[in-house]
Amino acid sequence: MKSTTVAFIRLNVTTKTGAIVNVSLEGKNYSAVATGGSATIYLPSKGNWTVTCSSGSLTNSQVVAITAYSTYSVNIPLYSATFADNSWADIQTATQAGLAA
């Protein structure tokens, strides 16, 4: 009997529920919609992947260095620069991420 090991890269993105999550590298693009505040995308290769989350007029990006076939997690909050335009949950998330006082 032969056995095979399958390796994959799983990227867990925590962001605003309903946000579009786009992950790209050198012309390769993968997208998902965040449900329950997160999205999981399986990537085919290592590299510096750009993760962009968008919801309405809000957008935020981060580069994630994928160096091994493993599971990675990234938090990309979406919030408005205008304090009054944010929900209390958005304010709490931005504060906990160190993005707001």
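Here the structure is shown first, and the text comes after it.
Residues numbered from 1 in each chain as written. Predicted model: local features only at pLDDT ≥ 70, side-chain atom pairs only at ≥ 80, totals over all residues. Heavy atoms only, no water.

Enquirer: Please explain the side chain of Thr15 as it appears in this structure.
Expert: Mapping Thr15 onto the fold places it in the loop between strand E1 (9–14) and strand E2 (20–25). In terms of polar contacts, Thr15 uses its side chain to reach the backbone carbonyl oxygen of Ile76, at 2.7 Å. Leave out the neighbours within four places in its chain, and Thr15 touches Val21, Ala34, Gly37, Ser38, Cys53, Ile76 and Leu78. (Helix = DSSP H or I, 4+ residues; strand = E, 2+ residues; numbered from the N terminus. Polar contact = N/O pair within 3.5 Å; in protein donor to acceptor, adjacent residues only side chain to side chain. Contact = heavy atoms within 4.5 Å.)

Enquirer: For this particular structure, what's the right way to read the pairing of strand E5 (residues 47–55)?
Expert: Within a regular beta strand, the side chains point alternately toward one face of the sheet and then the other, so they alternate between its two faces. Pairing between E2 and E5: 5 bridges, direction antiparallel. Along E5, the bridge assignment pairs Val23 with Val51. Pairing geometry for E5 and strand E6 (residues 58–66), over 9 bridges, is antiparallel. Across the sheet, Thr52 pairs through a bridge with Ser61, a residue of E6. (Pairing = 2+ DSSP bridges.)

Enquirer: Would you mind showing me how to read the sheet that holds E1 here?
Expert: The strands that make up a sheet are held in pairs by hydrogen bonds between backbone atoms, and each pair lies either parallel or antiparallel. One open sheet accounts for 3 strands, arranged E4-E1-E7; its pairing is mixed. Since the sheet does not close on itself, it has two edges, and those belong to strand E4 (38–43) and strand E7 (71–75), each with one partner. Here the strands of the sheet are splayed against their neighbours by 20° on average, with no regard to which way each runs. (Axes fitted to C-alpha atoms, helices over the stretch in contact; angles between N-to-C directions.)

Read these as geometric descriptors, not functional statements.
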